[in-house]
Amino acid sequence: MRVISVVSPKGGVGKTTTGLILAGEIADAGGKVSIIDADPNTPFKLWSSLSGPVKNIKVVTDVTEDSIVDEIEAAKGHSKFVIVDLEGTANMTVSYAIAHSDFALVPTQGSQLDAIEAVKAVKQIRRVEKGFKIKIPHALVFTRTSAAITPRTYKHIYNEMRELGMDILDSQVIDREAYRALFSIGGTLHGLKTSDVSNLPAAKENAAALIEEIIKKMAPKKAKRKKKAA
């Protein structure tokens, strides 16, 4: 079972949208996924109220610092993937979730202020790695980008992040109407119709590329060695 935490100390960077895109792709492929809504604003609780239960997706809410680890472990028992949507602050809840993750994803937009917060998130991941003496694969993903234009600011920030030694996904979360519609209509991309939103096939293609790249970046789990008989 794999755990992906979506981490950012800044709100409004597309953290919840990114988490839902990933969950939707896994669920559509037939994999059971649990979404742990650890954001006090409970965005996934609101999302799930729009269309009711979605096949292969379970939403866990009312998560606290005391319960986050137990909720992750419980979710791993019945889901192929666990997506943890964390609150926009650097606290112990976030650190505990990161420590129990197989991959940490840091969404950021192409602005200098967002880049500063993304660096803070990566530093927190590295502190967790050092404190727990573990290695946590992680990467930045640029969100709400344009499919047609690459601004100079984005290029500057991208190069700056690379110089700092940060891993950045080739895939981006492009600004699509379909993604915004998920929080007004409910469900996942694969439940939307072309009559609901524009460029739905492009949104699906973008989402598929995103989850595929993340899965490739996740370190393969090591099989437990069997003890030799005495």
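Residues numbered from 1 in each chain as written. Predicted model: local features only at pLDDT ≥ 70, side-chain atom pairs only at ≥ 80, totals over all residues. Heavy atoms only, no water.

Novice: Any chance you could explain the overall build of the protein chain here in plain terms?
Specialist: The secondary structure content of the protein chain amounts to 8 helices and 7 strands. Rg of the C-alpha trace for the protein chain: 17 Å, near the compact-globule value of 17 Å for 230 residues, within the 12% margin. With respect to the principal axes defined by its C-alpha atoms, the protein chain has extents near 65 × 45 × 35 Å. Of all 230 residues assigned to the protein chain, the portion counted as buried reaches 50%. About 11,800 Å² of surface is accessible on the protein chain, with carbon and sulfur atoms providing 52% of the total. Side chains of the protein chain carry 33 positive and 26 negative charges; the gap between the two charge centres is 8 Å. (Helix = DSSP H or I, 4+ residues; strand = E, 2+ residues; numbered from the N terminus. Rg over C-alpha atoms; globule rule 2.2 N^0.38 Å. Buried < 20%, exposed > 50% of the residue type's maximum accessible area, 1.4 Å probe, protein only. Areas by Shrake-Rupley, 256 points an atom, 1.4 Å probe, with all protein chains shown as cover. Lys, Arg positive; Asp, Glu negative; His and termini not counted. Charge placed at Lys NZ, Arg CZ, Asp CG, Glu CD.)

Novice: Quick question: what am I supposed to make of the nonpolar core here?
Specialist: Note that soluble globular proteins tend to have their nonpolar side chains buried in a common cluster. One finds L189 and I214 to be the most contacted residues of the largest nonpolar core, which totals 36 residues. Other than its neighbours up to four places away in sequence, I214 contacts I4, L22, F103, L105 and L169. Among the nonpolar cores identified, the runner-up in size contains 33 residues, and A75, A115, A118 and M166 belong to it. (Core = buried A, V, L, I, M, F, W, Y, C linked by side-chain atoms within 4.5 Å. Contact = heavy atoms within 4.5 Å.)

Novice: Would you take a moment to explain the sheet that holds strand β7 (residues 173–174) for this structure?
Specialist: In any sheet, the strands associate via hydrogen bonds between backbone groups, in a parallel or an antiparallel arrangement. Reading across from one edge, β3-β2-β4-β1-β5-β6-β7 is the order of the 7 strands in this open sheet, with parallel pairing throughout. Every other strand in the sheet has two partners, leaving β3 (57–60) and β7 as the edge strands with one partner each. Both strand β5 (residues 103–108) and strand β6 (residues 138–145) contribute to a ladder of 5 bridges, which runs parallel. Each bridged residue has a counterpart across the sheet, and for T108 the counterpart in β6 is F142. (Pairing = 2+ DSSP bridges.)

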